[in-house]
Protein chains: 2
Amino acid sequence: MRIESVDLYYLAMPEVLDVGDGSQDTLLVRVQAGGYEGWGECEASPLTSLASWVCPMSHSACKPVRDSVLGQRLDDVDDIARINAEVRANSLDLLQADHTLSGIDIALWDLLGHRLSEPVYRLLGFAEAYPKLPYASVLFGDEPQETLIKAREARAAGYRAAKFGWGPYGRGTVQDDADQVAAAREGLGPEGILLVDAGTVWVDDVAKAAERLPALRQASATWIEEPFVSGAAAAYAKLAALSGPVKLAGGEGSHTPYMAMHMIDHAEIGYVQIDAGRVGGITSAREVAAYADARDVQYVNHTFTSQLALSASLQPYAGYQAWELCEFPVESSIMARSITSRGLVRDEDGMVHLPDAPGLGLEVDTRAIWPYRVDVEIRVGGKTLYSTPPF
Amino acid sequence: MRIESVDLYYLAMPEVLDVGDGSQDTLLVRVQAGGYEGWGECEASPLTSLASWVCPMSHSACKPVRDSVLGQRLDDVDDIARINAEVRANSLDLLQADHTLSGIDIALWDLLGHRLSEPVYRLLGFAEAYPKLPYASVLFGDEPQETLIKAREARAAGYRAAKFGWGPYGRGTVQDDADQVAAAREGLGPEGILLVDAGTVWVDDVAKAAERLPALRQASATWIEEPFVSGAAAAYAKLAALSGPVKLAGGEGSHTPYMAMHMIDHAEIGYVQIDAGRVGGITSAREVAAYADARDVQYVNHTFTSQLALSASLQPYAGYQAWELCEFPVESSIMARSITSRGLVRDEDGMVHLPDAPGLGLEVDTRAIWPYRVDVEIRVGGKTLYSTPPF
């Protein structure tokens with residue numbers, strides 16, 4: 001079959017707030033071929049990814065992403081790999097293309113799964129999908145008291161692990177941050193797995209990060225995530241030498257497998273966090289998982305948006321039983337929660353299961369999300385290159 | 001003074017061809033503050049960078065680039081560093097932002113140079129700008145005979161160095177490529193510095209690149225550029241171990257200083273090539289130059305577009321006398337050549353001199369480029385976020 005159409009939909013909350021909540025908008029992708037359809041999502045800045053889809057060619061290695069996708073043959077998994085390679089070569093100098101490719105690639109896997117009546121993880125070569133232990137991904141409260149309440153709520157909701165991040169963390173004093181981490185530990189209880197996300201707040205300043213290590217060790221945090229920006233490998237490696245039992249986690253900013261491999265090889269991280277909606281999709285994420293497996297670094301998804309994005313982010317490491325942790329968004333916006341009619345199932349032990357169903361195993365609810373669409377029109381040289389399509 | 005306005009202009013040739021010529025379009029940036037103006041350019045895909053400038057906020061770390069620029073204080077060089085840091089933090093998850101920042105940063109340096117009556121290189125801390133030996137940057141011909149003619153023309157035009165790249169190179173047989181390289185050497189003469197650019201054609205396939213090494217050694221090529229994509233450091237390092245006197249060059253795809261540092265530390269390159277229009281501007285490029293200097297890697301600009309972009313790309317390493325080579329575009333489109341009323345001067349020895357004049361030292365010719373403007377309108381949610389401004 002041939003890829004007949006690709007439709008991109010910009011969805012957003014009516015009001016987007018200036019907070020660290022990445023679920024307030026999304027670019028949803030629908031691919032149609034041979035009577036089947038597949039869905040995917042791109043992280044982040046929907047308008048910019050839209051522009052990279054339709055932009056006029058700049059030169060032979062800077063073409064719009066759609067030029068490498070529309071009309072392509074899609075019969076088996078090798079076709080997805082070929083389309084990936086073409087996008088990467090033809091849009092080499094188009095920086096945003098990796099994010100746009102991510103949503104396209106996810107939709108292609110979903111579509112092929114429907115066509116071949118197989119879950120994506122089986123198309124990826126996994127015999128089965130092992131259940132994952134979800135950590136509730138929540139934002140630090142403005143005050144430790146609020147963090148304490150959030151941690152208690154996560155525990156009461158059955159989460160055995162929780163990650164706290166962004167908000168005031170790293171922006172005040174060392175003591176402020178210690179109080180926040182202690183509150184999270186108290187609310188979670190002594191048995192809970194506590195993870196802390198610094199959200200790149202120290203950029204590449206090792207000293208500032210190192211000051212926070214005693215409180216993290218005191219609270220038995222399992223990891224400190226993104227003390228620095230993705231790519232600042234030397235700073236990561238220096239901090240890792242000081243962090244003792246608290247491992248470093250990072251890599252979500254990787255927009256190619258190479259960037260993630262670089263973090264694995266040179267940043268001394270214990271956990272590599274991959275967002276399938278950024279790294280290039282499921283194809284690239286699977287590549288990183290295999291690389292991490294060979295180097296004793298634990299792979300974990302990065303997902304802060306919808307259940308569709310969550311399913312896409314879990315498929316690439318579903319077959320690795322030892323990598324039990326998974327990020328599970330619990331504070332997603334109503335828009336993000338509306339995208340699928342049902343989400344992934346948590347069993348009585350709180351473990352998350354991927355659907356044993358074709359593709360990503362979830363249904364997109366086009367009626368529920370229609371109110372959140374953002375109408376876009378892009379005109380270049382008097383010609384309309386994009387206007388929001390109907391569902 | 002405060003940044004009062006930033007105007008972005010999409011310029012393009014009437015017809016953009018599917019060839020490796022990156023000078024066929026550009027996004028020109030004008031910044032105005034305190035009665036002064038500064039100009040810069042962003043690489044590449046003007047529409048996508050425009051979108052990243054005006055896009056609605058996705059969350060606190062994914063804001064449009066303009067939010068971190070408009071209204072900012074701009075009195076000295078520290079202000080430029082602060083604006084850079086704000087863009088990088090506030091647009092952390094907006095992939096395209098680094099390319100957009102690049103043009104903004106260049107324009108800020110130009111503007112500040114005018115305000116302080118100093119060339120940019122002096123504001124960067126260099127006492128003087130040493131002349132550079134330009135290599136003519138040309139595309140391989142479709143056939144070796146055409147390459148031979150181009151090489152002879154470069155030599156006749158006084159170039160003592162020339163780089164051939166893209167076109168058929170790496171896409172045919174090993175013998176085809178050997179013939180192309182031999183033709184370039186023949187046309188250039190035995191004394192000329194010969195550089196070869198593979199344009200990432202082998203992605204990360206070391207074996208394919210290694211097959212081309214004998215012909216490159218035979219022709220005494222000084223470097224083989226971008227055998228692989230930026231980031232594929234392990235492949236670079238493997239090839240470097242085989243390449244003998246032919247050094248590897250790469251890094252033009254770096255959109256942050258970290259990526260370039262990664263290439264310097266782990267790709268075993270002899271030359272790090274930085275495009276100020278991609279890496280984040282002059283600020284980031286200067287940072288890479290200092291890093292390379294401390295590690296015995298030679299810095300060289302990547303420039304394939306206008307003389308404005310060339311001046312911006314030379315300033316960050318103008319003060320390093322030992323780094324003599326510079327890329328000099330000789331096949332730029334008429335649009336790119338129209339951007340400035342005059343270009344950089346080549347003296348009787350063929351050496352290129354930066355102007356001893358404020359800022360980038362070049363005048364943008366708004367009348368000459370007006371015919372090449374591409375009208376753009378971006379509407380989101382019924383509101384016009386961008387439409388092409390007047391000059």
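This write-up is about the structure you can find in this document.

Conventions adopted
Residues numbered from 1 in each chain as written. Chains lettered and ligands numbered in written order. Predicted model: local features only at pLDDT ≥ 70, side-chain atom pairs only at ≥ 80, totals over all residues. Heavy atoms only, no water. Helix = DSSP H or I, 4+ residues; strand = E, 2+ residues; numbered from the N terminus. Buried < 20%, exposed > 50% of the residue type's maximum accessible area, 1.4 Å probe, protein only. Areas by Shrake-Rupley, 256 points an atom, 1.4 Å probe, with all protein chains shown as cover. Phe/Tyr/Trp six-rings, centres within 6.5 Å; stacked < 30°, edge-to-face > 60°. Pairing = 2+ DSSP bridges. Contact = heavy atoms within 4.5 Å. Axes fitted to C-alpha atoms, helices over the stretch in contact; angles between N-to-C directions. Patch = residues over 30% accessible without salt bridge, like charges linked within 9 Å, V, L, I, M, F, W, Y side chains within 5 Å. Salt bridge = Lys/Arg side-chain N within 4 Å of Asp/Glu carboxyl O. Lys, Arg positive; Asp, Glu negative; His and termini not counted. Charge placed at Lys NZ, Arg CZ, Asp CG, Glu CD. Least-squares fit on C-alpha atoms with pLDDT ≥ 70 in both. Buried area = accessible area lost by both parts, 1.4 Å probe. Polar contact = N/O pair within 3.5 Å; in protein donor to acceptor, adjacent residues only side chain to side chain. Nonpolar A, V, L, I, M, F, W, Y, C, P; charged D, E, K, R; others polar. Parallel < 35°, antiparallel > 145°, perpendicular 65-115°, else oblique. Left-handed = near helix turned anticlockwise from the far one by under 90°. Right-handed = clockwise from strand over helix to strand, strands pointing away.

Of regular secondary structure, chain A possesses 14 helices and 15 strands. Projected onto its principal axes, the C-alpha coordinates of chain A cover approximately 55 × 45 × 45 Å. Burial status across chain A gives 64% buried among its 391 residues. For chain A, the exposed surface amounts to about 13,600 Å²; the carbon and sulfur share of it is 48%.

Let us now look at the packing of aromatic side chains. Inspection of every chain in the model, using the stated rule, returns 30 aromatic pairs over all chains. For the pair Tyr-9 of chain B and Phe-391 of chain B, a centre-to-centre distance of 4.2 Å together with 35° between the ring planes defines the contact as tilted. Of this pair, Tyr-9 of chain B sits in strand β1 (residues 3-12) while Phe-391 of chain B sits in the segment after β15 (383-387); the two residues are 382 residues apart in sequence, bridging distant segments of the chain. Tyr-9 of chain B sits in the buried class, given a relative accessible area of 1%. Seen from their ring centres, Phe-140 of chain B and Phe-164 of chain B are 5.8 Å apart, and the 35° between their planes marks the pair as tilted. Here the residue Phe-140 of chain B occupies a position in the loop between β4 (133-139) and α5 (144-156), and Phe-164 of chain B occupies one in strand β5 (residues 161-165), the gap between them amounting to 24 residues. In this structure, Phe-140 of chain B and Phe-164 of chain B share a single accessibility class: buried. By the ring-pair criterion, three or more aromatic residues cluster together here, those being Phe-126, Tyr-299, Tyr-317, Tyr-320 and Trp-323 of chain A.

Looking now at unusual backbone geometry. In this model, Glu-43 of chain A is joined to Ala-44 of chain A through a cis peptide bond whose omega is -15°. Structurally, the position occupied by Ala-44 of chain A is in the loop between β3 (36-42) and α1 (46-54). If you check the backbone angles, Trp-166 of chain A has positive phi at about 55° while not being a glycine. Unlike most non-glycine residues, Thr-200 of chain B shows phi in positive territory, near 65°. By the secondary structure assignment, Thr-200 of chain B is in the loop between β6 (193-197) and α7 (206-211).

The next subject is the pairing of strand β11 (residues 325-329) of chain B. Residue and element names in this part refer to chain B. With respect to burial, β11 is a largely interior element, five of its five residues being buried. Side-chain alternation along β11 places Leu-325, Glu-327 and Pro-329 on one buried face and Cys-326 and Phe-328 on a second face that is also buried. Relative to β11, β4 runs parallel, the two sharing five bridges. By the bridge assignment, Tyr-135 is partnered in β11 with Glu-327.

This part takes up the environment of Cys-62 of chain B. Following the sequence through the fold, Cys-62 of chain B ends up in the loop between α1 (46-54) and α2 (77-90). Under the relative-accessibility criterion, Cys-62 of chain B is labelled buried at 1%. Sequence separation between Cys-62 of chain B and Ser-333 of chain B is 271 residues; the distance between their C-alpha atoms is 35 Å. Excluding residues that lie within four positions of it along the chain, Cys-62 of chain B makes contacts with Ala-44 and Ser-45 of chain A together with Met-57, Asn-90, Ser-91, Asp-93 and Leu-94 of chain B.

In this section: the sheet that holds strand β3 (residues 36-42) of chain B. Residues and elements named next belong to chain B. Ordered in space as β1-β2-β3, the three strands form an open sheet in which the pairing is antiparallel. Here the strands that pair on one side only, and so sit at the sheet edges, are β1 and β3. Averaged over all neighbouring strand pairs, the angle between strand axes comes to 20°, with direction disregarded. Summarising the sheet, β1 and strand β2 (residues 25-33) pair through nine bridges and their orientation is antiparallel. Counterpart to Ser-5 in the pairing with β2 is Gln-32. Strands β1, β2 and β3 of the sheet are contacted by helix α3 (residues 97-116), whose axis makes an angle of about 150° with β3.

All names here are of chain A. A cluster of acidic residues, Asp-142, Glu-143, Glu-146, Asp-176 and Asp-179, forms a negative patch at the surface. Note on placement: Asp-142 falls in the loop between β4 (133-139) and α5 (144-156). Owing to a relative accessible area of 58%, Asp-142 belongs among the exposed residues under this scheme.

The subject of this paragraph is the relation of the copies chain B and chain A. When chain B is fitted to chain A, the best match, at an RMSD of 0.0 Å, comes from turning it 180° and sliding it 0.0 Å along the axis. What the superposition gives is, in effect, a two-fold axis relating one chain to the other. A high fraction, 100%, of the interface residues of chain B reappear at the interface in chain A, so the copies pair face to face through one surface.

On to the pattern of salt bridges. If you walk through the whole model with that rule in mind, you get 40 salt bridges over all chains. The partner of Arg-73 of chain B in a salt bridge is Asp-79 of chain B, with the nearest N and O atoms 3.2 Å apart. Connected via shared salt-bridge partners are Glu-43, Glu-252 and Arg-278 of chain A together with Asp-93 of chain B.

Here we take up the sheet that holds β11 of chain B. Residue and element names in this part refer to chain B. Here eight strands make up an open sheet; going across it, the order is β10-β9-β8-β7-β6-β5-β4-β11 and the pairing parallel. Only two strands of the sheet have a single neighbouring strand rather than two, namely β10 (298-301) and β11. In this sheet, neighbouring strand axes are inclined to one another by 30° on average, regardless of whether the strands run parallel or antiparallel. Where strand β9 (residues 271-274) and β10 come together, four bridges link them in parallel fashion. Bridge pairing in β10 links Ile-274 to Asn-301. Against the sheet, α5 contacts β4 and β5, and its axis sits at roughly 155° relative to β5.

In this assembly, 56 residues from chain B lie in contact with 56 residues from chain A. Of the roughly 4,300 Å² buried between chain B and chain A, counting both surfaces, carbon and sulfur atoms make up 61%. Linking chain B with chain A are four salt bridges. Of the charged contacts in the structure, one is a salt bridge between Arg-278 of chain A and Asp-93 of chain B, with a shortest N-O distance of 3.0 Å. Taken together, the connections running from chain B to chain A amount to 23 residue pairs in polar contact (both at pLDDT 80 or more). When residues of the side of chain B that touches chain A are traced back to their parent elements, those giving at least two are α1, α3, α10 (257-266) and β14 (376-380) of chain B. Residues belonging to the side of chain B that touches chain A are distributed by class as follows: 27 nonpolar, 18 polar and 11 charged. Taken together, the five bridges between strand β14 (residues 376-380) of chain A and β14 of chain B define a ladder with antiparallel strand orientation. When the sheet's bridge partners are listed, Val-380 of chain A is paired in β14 of chain B with Val-376 of chain B.

The subject of this paragraph is the packing of α5 of chain B against helix α6 (residues 174-188) of chain B. All names here are of chain B. Where α5 meets α6, the closest approach of the two axes is 7 Å, and the angle between their N-to-C directions is 30°. Put simply, α5 runs roughly parallel to α6. For the element pair α5 and α6, the recorded crossing hand is right-handed. Note on element contacts: α6 touches α5 through Asp-179, Gln-180, Ala-183, Ala-184, Glu-186, Gly-187 and Leu-188, opposite Pro-144, Thr-147, Leu-148, Ala-151, Arg-152 and Arg-155. Taken together, the residues that form the contact of α5 with α6 break down as six nonpolar, three polar and four charged.

Residue and element names in this part refer to chain A. Looking at the element boundaries, Glu-226 is found in the loop between β7 (223-225) and α9 (233-240). Relative accessible area serves as the criterion here: at 3%, Glu-226 is assigned to the buried category. With 61 residues separating them along the chain, Glu-226 and Gly-165 place their C-alpha atoms 9.8 Å apart. Excluding its chain neighbours within four sequence positions, the residues that come into contact with Glu-226 are Asp-197, Ala-198, Gly-199, Thr-200, Val-201, Tyr-236, Ala-249, Gly-250, Gly-251, Glu-252 and Gly-253.

Moving on: the pairing of β9 of chain B. Two faces, one strand: in a regular strand the side chains alternate between the faces of the sheet. Residues and elements named next belong to chain B. Of the two faces of β9, the one carrying Tyr-271 and Gln-273 and the one carrying Val-272 and Ile-274 are both buried. Sheet topology note: the strand β8 (residues 247-250)/β9 ladder contains two bridges and is parallel. Looking at β9, one finds that Ala-249 is bridged to Tyr-271. Handedness of the crossover is the feature at issue here: the chain leaves β8, passes through α10, returns alongside β9, and the resulting connection is right-handed.

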